[in-house]
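Descriptive structure summary
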Amino acid sequence: MTECGNSSASAGTGSGGSFHSMWRELLPIGRHSGSHGYRRFAWTGADTECRAWFKEQAEARGLTYEVDRNGNQWAWLGDPAQGDAVVTGSHLDSVPDGGAFDGPLGVVSSFAALDELRSRRAEFAKPLALVNFGDEEGARFGLACVGSRLTAGQLTAEQAHLLTDGEGVSLPRAMEAAGHDPEGIGADPDRLARIGAFVELHVEQGRALDLSGDRVGIASAIWPHGRWRFDFRGEANHAGTTRLLDRRDPMLSYAETVLAARREAELAGAVATFGKIAVEPNGVNAIPSLVRGWLDSRAADQESLDQVVGGIEKAAGEYARAHGIDLDVVRESFTPVVEFDHALRDELARILGTTTDLKVPVLGTGAGHDAGILAGHIPTAMLFVRNPTGVSHSPAEFAAEDDCVAGVLALADVLEGLACR
Ligand SMILES: [Zn+2]
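Residues numbered from 1 in each chain as written. Predicted model: local features only at pLDDT ≥ 70, side-chain atom pairs only at ≥ 80, totals over all residues. Heavy atoms only, no water.

Taking an unreviewed UniProt entry as the reference, the protein chain is identified by name as Zn-dependent hydrolase belonging to Streptomyces pseudovenezuelae.

**Some points on the UniProt feature "binding site: allantoate" (unreviewed entry) in the protein chain**
Taking the UniProt record as the reference, the feature "binding site: allantoate" (unreviewed entry) is found at Arg 227, Asn 285 and Arg 298. The greatest C-alpha distance among the annotated residues, which extend across 72 residues, is 36.0 Å, indicating that they are dispersed rather than converging on a single site. As for the annotated residues, the ones lining the largest pocket are Arg 227 and Arg 298. Among the secondary structure elements, Arg 227 is positioned in strand β7 (residues 225-233). In contact with Arg 227, other than residues within four places in its own chain, are Leu 295, Asp 296, Val 330, Arg 331, Glu 332 and Ser 333. Within the fold, Arg 298 resides in strand β11 (residues 290-298). The class for Arg 298 is partly exposed, based on a relative accessible area of 23%. Discounting chain neighbours no more than four positions away, the residues touching Arg 298 are Trp 223, Pro 224, His 225, Ala 270, Val 271, Leu 305 and Gly 366. (UniProt positions renumbered as here; feature names shortened; annotations may be inferred. 1 Å grid on protein atoms, 1.4 Å probe; cavity = no way out; pocket = protein on both sides within 12 Å on 5 of 7 lines; lining within 4 Å. Helix = DSSP H or I, 4+ residues; strand = E, 2+ residues; numbered from the N terminus. Contact = heavy atoms within 4.5 Å. Buried < 20%, exposed > 50% of the residue type's maximum accessible area, 1.4 Å probe, protein only.)

**Topic: the layout of surface pockets**
Put simply, the largest pocket is a space of about 1200 Å³. Every residue lining the largest pocket is counted, 46 residues in all, and those nearest its centre are His 225, Arg 298, Gly 366, Ala 367 and Gly 368. Mapped onto the lining of the largest pocket, the elements with two or more residues apiece are α8 (208-212), β7, β11, β12 (326-335), β14 (362-365) and α12 (370-374). Across the lining of the largest pocket, the residue classes break down as 16 nonpolar, 21 polar and nine charged. Reported here for the second largest pocket is a volume of approximately 260 Å³. Along the walls of the second largest pocket sit 18 residues, with Trp 23, Leu 27, Ala 100, Phe 101 and Phe 398 positioned nearest its centre. Breaking the lining of the second largest pocket down by element, the ones donating at least two residues are α1 (14-26) and α13 (401-419). Taken together, the residues of the lining of the second largest pocket break down into eleven nonpolar, three polar and four charged. (Points joined across faces, edges and corners; volume = space filled by probe spheres on them. Nonpolar A, V, L, I, M, F, W, Y, C, P; charged D, E, K, R; others polar.)

**A word on the packing of aromatic side chains**
Inspection of the entire model under this criterion finds 13 aromatic pairs. With a centroid separation of 6.0 Å and 80 degrees between ring planes, the pair formed by Phe 101 and Phe 398 is classed as edge-to-face. With Phe 101 in the loop between β3 (85-91) and α3 (104-119) and Phe 398 in the loop between β15 (380-385) and α13, this residue pair connects regions lying 297 residues apart in the sequence. For Phe 101, a relative accessible area of 8% translates into the label buried. (Phe/Tyr/Trp six-rings, centres within 6.5 Å; stacked < 30°, edge-to-face > 60°.)

**What about the UniProt feature "binding site: Zn(2+) 2" (unreviewed entry) in the protein chain?**
Under the present numbering, the feature "binding site: Zn(2+) 2" (unreviewed entry) in UniProt falls on Asp 102, Glu 137 and His 393. On the basis of their most widely separated C-alpha atoms, the annotated residues across 292 residues gather in one place, lying no more than 9.8 Å apart. The annotated residues that sit in the lining of the largest pocket are Asp 102, Glu 137 and His 393. Within the structure, Asp 102 has its side chain in polar contact with the side chain of His 202 (distance 2.7 Å). (Polar contact = N/O pair within 3.5 Å; in protein donor to acceptor, adjacent residues only side chain to side chain.)

**Examining the pattern of salt bridges**
If you walk through the whole model with that rule in mind, you get 26 salt bridges. In this structure, Asp 97 engages Arg 39 in a salt bridge whose closest nitrogen and oxygen atoms are separated by 2.8 Å. Here Asp 97 is found in the loop between β3 and α3, whereas its partner Arg 39 is found in the loop between α1 and α2 (45-60), with 58 residues between them in sequence. With a relative accessible area of 32%, Arg 39 lands in the partly exposed category. The partner of Arg 350 in a salt bridge is Glu 347, with the nearest N and O atoms 3.1 Å apart. Of this pair, Arg 350 and Glu 347 both sit in helix α11 (residues 342-355), separated by three residues, roughly a single helical turn. Since its relative accessible area comes to 46%, Arg 350 is described here as partly exposed. Because the salt bridges share partners, they merge into one network encompassing Arg 229, Asp 231, Arg 233, Arg 292 and Glu 332. (Salt bridge = Lys/Arg side-chain N within 4 Å of Asp/Glu carboxyl O.)

**Comments concerning the packing of α3 against α13**
Running from amino to carboxyl end, α3 crosses α13 at an angle of 60 degrees, the nearest separation of the two axes being 8 Å. The angle between α3 and α13 places the two elements in the oblique class. By crossing handedness, the relation of α3 to α13 is classed as right-handed. Along the contact surface, α3 presents Leu 105, Ser 109, Ser 110, Ala 112, Ala 113, Glu 116 and Leu 117, while α13 presents Cys 404, Val 408, Leu 409, Leu 411, Ala 412, Leu 415 and Glu 416. When the residues that make up the contact of α3 with α13 are grouped by side-chain class, the tally is ten nonpolar, two polar and two charged. (Axes fitted to C-alpha atoms, helices over the stretch in contact; angles between N-to-C directions. Parallel < 35°, antiparallel > 145°, perpendicular 65-115°, else oblique. Left-handed = near helix turned anticlockwise from the far one by under 90°.)

**Some remarks on the pairing of strand β1 (residues 64-67)**
Where β1 and strand β2 (residues 73-77) come together, four bridges link them in antiparallel fashion. When the bridges of β2 are listed, Tyr 65 appears paired with Ala 75. The turn joining β1 and β2, which pair antiparallel and follow one another in sequence, is formed by five residues; a positive phi near 85 degrees is taken by Gly 71. (Pairing = 2+ DSSP bridges.)

**Focus on the sheet that holds strand β9 (residues 271-280)**
Strand order across the open sheet formed by four strands is β9-β11-β7-β12, with antiparallel pairing between neighbours. Edge strands, defined here as strands with exactly one partner in the open sheet, are β9 and β12. The average angle at which neighbouring strand axes cross in this sheet is 15 degrees, direction not considered. Sheet topology places β7 next to β11; nine bridges connect them, and they run antiparallel. Residue pairing for β11: Trp 228 is matched across the bridge by Leu 295. Sitting on the sheet, helix α9 (residues 250-268) touches β7, β9 and β11, and the angle it makes with β9 is about 170 degrees.

Set out below in structure tokens:
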């Protein structure tokens, strides 16, 4: 292989054109005429159309196309058996009435970045693969990142056989109906062993880049997050005849705790949300006997999250005591931080620091991705593209054309830097 040519984020000519034409082709697939949102659920007709589009793009570029045992689609440039491959991609499925960008932006940008590298006459020293992971959103079978989880061995074939959709169709039967043989689903360590680095480009699901005025960012980590149930128990009584002084009203301590959650989250630069509540007896003219509130909290690191949740629990305890209320707090679920590979993250920053005039901040995210699943197994990184409203999983999800092209060029620079060393 020859040496790579010098690249520049402003030098490419091919990516803008190919990005826009691919984007236009994909846009109508699975879009609901009423909601204008996308319904590209795994192994349905819309998903099959998206997958056919991926195959066409791969073949039109002379790439070696394959579907792995778990139904993920791959397009290879170079020999996969060589090992130390550089892989990029995302997913094409959607949540119910999702936006156009979550997933497809990463897949379309992968093909466009390859076009850009070809227009730069880049020579690859390592194999390059583009990938579309199956069933990332989990909209149909209730579990996210099924394609990458299966590959990584985080979801066993046995567990996958138990997944069913709302109509009782199992995942293997759905795969079969869409033309994929489910016989071999399961961990694929040989495939992972051939990958040296995975980079997923994704629309940002928040406003950090909009607020900092940057087009593209590098992910540091997926924030640790969890759910806690707060049970405030008091005494039910008549809302008309019970003197205020005689009441043991759990709603008061709950309300004060909601405000404390906001305060603690602000202090730690985190988020904390009481989004669900159950009240007993739930009568307009009854003082509640029980208020049960569910807290969702996420922070950049474990220490901050502990500080937020600890602060909320402490405040809740004090408010409960002041009102004669019994309090129980139960952690119902927890997912620890996913740190992206530090060396790869720093390498991305170094590459983009030399190839582009853009400032490329490093930021955390509160959302899960295939990259988060693979991060436990292979060096993994993510690039985010600015989303001016921060809205995602909605038809309002958006990224400006210029920002999409900036993302393509950044991805091309990164792939060139990683695969041409
Ligand atoms: Zn996504």
